[in-house]
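Architecture at a glance
Chain by chain, the residues run as shown.
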Amino acid sequence: MQSDERVVAALSALGPRIALFRFAVSGTLERARNTLASESGPSQTRIALGDFAAGLIDPDRFAMISSGSGPLDAVGRAVVECAAEALEALLHAGDEDFVVDVHAGASPAAAIRARMTTLGAAFGAATLVELVRRRTYDPVQHDLPLEGYPFEKWTAAERKLAPPLVIRLDGRDLDAFELAPLIDGCVRLILLVEEPSPPAPLARLVSPGVFVAQSGDMKVLERVTDFDGPAVIAVMNGAEARFVHDPRVGSAMWQRIEVTHMPDAQPRKSLGVRSAWQQRDDLSHLKALIEEPVLPANPAEARLAAVGGNGSDPTDRLTAWLLDQSTPAGVP
Amino acid sequence: MTAVALPVELRAAPTVLRRPEHTIEIVSDAGEGAQKCGQIFGAVSAKMGNGVWTVEIIPAEIQPPPRMAEGASGNRIRFGTGPITNGGDETNLIIAFNEQVLLGRHRLGALASDAIILLENSWATNSNPDIRTAWDKALAELSAQSYRIIEVPMEQQCLTIDENPRKGKNMFALGLLAYIYDRSLERIEEQIAYAFRKKSEEVYQRNVALLRLGLEWAAANLDFRIEVPTHPPTEALVVMNGNEALGMGALASGMELCAMYPITPATSVSHYLAEVFSKFGGILHQAEDEIAAVGVAIGASYSGKVAFTITSGPGFALKTEFIGLAVITEIPLVVIDVQRGGPSTGLPTKVEQSDLLAALFAEPGDAPRVVIAPATIEECFHAVITARQIAETFRTVVIILSDANLSTGVQPFPRPQLKKEWLAPELDLAPVKQGQRPYEWDPRTGTSTRSIPGQPGGMFTVTGLSHDEGSKVAYGAGVHQRATTMRSRKLAVLQQTLLRPAINGDQDGDLLVVGWGSTKGAIEEAVERARAEGIRASSVHLTFLSPLQPGLKEIFSRFRKVMTVEINYSDQPGDPFVTEENRRRGQLAMLLRAQTLCDVDCWTRVPGEPLRPGLIHKAIRDAVLTLTGARP
């Protein structure tokens, strides 16, 4: 496995995202506590109605009448208490809880999902607290497990707050296809890959809006600090390809992707889950991504020239274009 | 009459008059800055620990012809050692930039019989003979009173610093006041810096120089000073006018959008919000007209934003149709109406309480809404928080009735301790409960859970047509009856949460004065004076006007007579053709008579200025004397 220095550096780079997640957890915990406290402590309604209402409105009566603000029933109270307990535990999660060690031969995606489910309990708890707070909790309809809340159930807003993860794994187990469904919101997956590894395992994840990188050092992590989108970064120490796809850099794929190293040798043997052919295909794909497309000559332009429509007179150009558009399909 | 200035070294130390409170006025033609002078003096006095209430003196037109008795523009500041709750009665000291505006105030009875007058005297030697004649005539009329008139060469002095004679007198006058009342120069200069924060350093320096010039002139020429002891505040205070308080209240309550169209005297709320709202994520939208403004606010609220609109009487009239839409679609909406004199364009700059019935009933069809009225500038701040809470809890329209007295008056009050609970809750975009319809009225309370566009399962067609629980048009019999009942029920439910109003004074007696809105301070002061004379009078001030607070009928039954005091029109008993049957009464009186079946009388005036406690006191005395058979 990788040295701990890399884990420390990765966690340090992810610090703001971890803080954001913890902030969300602490906010939800406060809300859960307030919900419980309002039942026995100073009336929240009294405060919410403001000083103007003092002496004018009976807050207890107002709370009884206002939609969904009556006292909590026993079930609701128990649910919020459990949610608060789960949130409390998550709030005290250490940095090590954002590190996933994938045993050799195991599925990295499964391990990541499992950790996301555990940490995602915060989102499940938040949903439960809100449902109870609004008095819309239905034990049958909303039977959400507090020990975990799978990634698939996270809302778009929750995915924006996704806890970042540092994953230590064997390069042979790295399968980009399995990771693809997890790339959404502001998910951050930092893969600390131990060789041997396929040469371009993340090439297939390159798509608009997703920060993808294979790098030999940790500096690349700095580039995603203020990136508002999902990011998958593999930190590798072998002769694999090195590239960065930064969605902010350009509008076309070839503008956004920067390849700094391409392996000389073509893979000849299968490695872990990837066959030799797949590895070569990954490399070919990466090469194709960086090629600036050469557009074929536009037939319409050629026709414009033929009718004299490529002159500078706008009327000529418009006439030529109209003539071109009116040419029946199939007629040369 | 005219003070003759002796050389400083020959003059005795000035006489210091100690007073528990004083009322001053600074009056000029419009555009000469008397208001700015008054505002700064009021703010500084409040910060030094005086109780303060200011009243703007505003001509009915924005720019009336100069030197008109009716065109006085300026500020009245009543300040004292204790709290001040209203503009008071008569002015003790006035600074006038010309004799005509002074004459206007004199003829209105605004000045105390022993008032000290500091009058710009350049008009006496004006090259225009008509002006010199007008000066002589005015001085003759004023000199027949027992005023002390001190001529001040303001223009002559100011021209040593600023070549424009129309500029600078206000800061010179501020200097006079700073000397007379021993105000802190440091605080005044801070306040000038704030007032001219958008101007250049040069402008600030020129104003400070004029201030010091006025102070030095006063020190050299005046033989008196007035001490109104201050009590430095023990807690943090804020000093602002009612419109700023409304704007700050909107921020504190988590409002996200204010849609408005400029109208006096409400506009300055939007001026304030334009400076700060975006820093809090808010949007200030100036629409193309009043109707569009309320439409935008309703649309924003429909989509889940917390929105309000602000206007004055004529704008409120234009908004009525849309307010009806908010009522029938049950879209929460806060409407602030800063009342002015009406009808039509009426008295744009002057106070009146004539929109009460419009706020309650101006709507075709049955459109129940909540109406509340803050009584103080501090309450303007807090009222917005409560209004938003009620609007969202009951999915209804809440109208806040402020007025021109509150909007321009300045008063210090404890700095509000902001609470996050005042903010609107986060938008709930969780799927709606299975089977829940957009108007799933609780048959007991009329309330229902609001769906926001974008909530899974919460989509529905919002319609101004009468509709059922599913927002389906009411084709079937009974739907309209049920829906109307549910909308009305909410007011009954809200009324059940209200507390009985507190009685100021004894719990029973001869006369109960009932008021609402900005008259509270004046009414309570008048009642206090009457009680000091042995008159058995008490008062009740109503904050909720729809629904009315409970227990009124029972409270009224404990007094021999109940009389409202309001700034709106009523026929005077004994006027030609006016009978008990056809008499038009004050708006609150009409409401209370209808709701309580009590014989509620009224004393109302529409003077275009706040009611003075002395006049109310006299009305109380007359009413009680009539009751006891000793008709005055």
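The rules behind these values
- Residues numbered from 1 in each chain as written.
- Chains lettered and ligands numbered in written order.
- Predicted model: local features only at pLDDT ≥ 70, side-chain atom pairs only at ≥ 80, totals over all residues.
- Helix = DSSP H or I, 4+ residues; strand = E, 2+ residues; numbered from the N terminus.
- Contact = placed C-beta atoms within 7 Å.
- Rg over C-alpha atoms; globule rule 2.2 N^0.38 Å.
- Buried ≥ 20, exposed ≤ 12 C-beta atoms within 10 Å, placed from the backbone.
- Domains from an automatic or database assignment.
- Nonpolar A, V, L, I, M, F, W, Y, C, P; charged D, E, K, R; others polar.
- Axes fitted to C-alpha atoms, helices over the stretch in contact; angles between N-to-C directions.
- Parallel < 35°, antiparallel > 145°, perpendicular 65-115°, else oblique.
- Left-handed = near helix turned anticlockwise from the far one by under 90°.
- Core = buried A, V, L, I, M, F, W, Y, C linked by C-beta atoms within 7 Å.
- Pairing = 2+ DSSP bridges.

**So, the overall build of chain A**
From N to C terminus, chain A includes 13 helices and seven strands. Of the contacts made within chain A by residues no fewer than 6 positions apart, 72% connect residues no fewer than 24 positions apart.

**Comments concerning the overall build of chain B**
If you tally the helices and strands in chain B, you get 19 helices and 22 strands. Compactness check: chain B gives a C-alpha radius of gyration of 27 Å against a globular reference of 26 Å for 632 residues, within 12% of the reference. In terms of its C-alpha atoms, chain B occupies a principal-axis envelope of roughly 90 × 65 × 50 Å. Counting all 632 residues of chain B, 52% fall into the buried class. Summarising the internal contacts of chain B: among those between residues at least 6 apart in sequence, 77% fall at separations of at least 24.

**Let's talk about unusual backbone geometry**
Residues and elements named next belong to chain B. In the segment running from Thr-264 into Pro-265, the intervening peptide bond is cis, with an omega of 5°. Positionally, Pro-265 belongs in the loop between β10 (257–260) and α9 (267–276). Going from Gly-342 to Pro-343, the amide bond is cis rather than trans, its omega being 5°. Mapped onto the secondary structure, Pro-343 falls in the loop between β13 (333–339) and α12 (356–361). Despite not being glycine, Glu-330 has its phi angle at roughly 55°, a positive value. Mapped onto the elements of the fold, Glu-330 is located in the loop between α11 (313–329) and β13.

**Some points on the domain arrangement of chain B**
All names here are of chain B. The domains assigned to chain B are domain 1 (8–227), domain 2 (238–422) and domain 3 (503–627). Breaking the side of domain 2 that touches domain 3 down by element, the ones donating at least two residues are α12, β14 (370–372), β15 (397–403) and α14 (404–408). A class-by-class count of the residues in the side of domain 2 that touches domain 3 yields twelve nonpolar, five polar and four charged.

**Points about the packing of helix α10 (residues 290–302) of chain B against α11(B)**
Residue and element names in this part refer to chain B. In contact at an axis separation of 8 Å, α10 and α11 are set at 30° when each is read in the N-to-C sense. Considering their axes alone, α10 and α11 lie roughly parallel with respect to each other. By crossing handedness, the relation of α10 to α11 is classed as right-handed. Contacts from Glu-290, Ile-291, Val-294, Gly-295 and Ile-298 of α10 reach α11 at Gly-315, Leu-318, Lys-319, Phe-322, Ile-323, Leu-325 and Ala-326.

**Observations concerning the interface of chain A and chain B**
Across the contact, 23 residues belong to chain A and 25 residues belong to chain B. Counting residues per element, the ones that place at least two in the side of chain A that touches chain B are α3 (44–49), α4 (59–65) and α7 (121–133) of chain A. Per element, the largest residue contribution to the side of chain A that touches chain B is four residues, and it comes from α3(A). In the side of chain A that touches chain B, the residues fall into ten nonpolar, eight polar and five charged.

**Some remarks on the environment of B:Ala430**
Residue and element names in this part refer to chain B. On the secondary structure map, Ala-430 appears in the loop between β16 (410–414) and α15 (479–497). Using a count of 17 C-beta atoms within 10 Å as the deciding quantity, one classes Ala-430 as partly exposed. Measuring from C-alpha to C-alpha, the distance between Ala-430 and Pro-456 comes to 7.0 Å, with 26 residues separating the pair along the chain.

**Some remarks on the nonpolar core**
Core analysis: the biggest nonpolar cluster contains 183 residues, and B:Ile117, B:Cys258, B:Ala297 and B:Ile620 have the highest contact counts within it. Take this core: its biggest share by element is ten residues, from helix α13 (residues 377–394) of chain B. What B:Ile620 contacts, discounting residues up to four positions off in sequence, is B:Leu511, B:Val513, B:Ala526, B:Val527, B:Ala530, B:Ile535 and B:Ala537. The next biggest cluster of nonpolar side chains, apart from the first, holds 73 residues, and it includes A:Ala10, A:Ala13, A:Leu90 and A:Ala241.

**Some details on the sheet that holds strand β4 (residues 211–215) of chain A**
Residue and element names in this part refer to chain A. Spatially, β1-β2-β3-β5-β4-β6-β7 is the arrangement adopted by the seven strands of the open sheet, whose pairing is mixed. The two strands at the open ends of the sheet, each matched to only one other strand, are β1 (99–101) and β7 (257–261). The average undirected angle you get between the axes of adjacent strands in this sheet is 15°. Where β1 lies against strand β2 (residues 165–170), three bridges are found, and the strand directions are parallel. Bridge pairing in β2 places Val-99 opposite Val-166.

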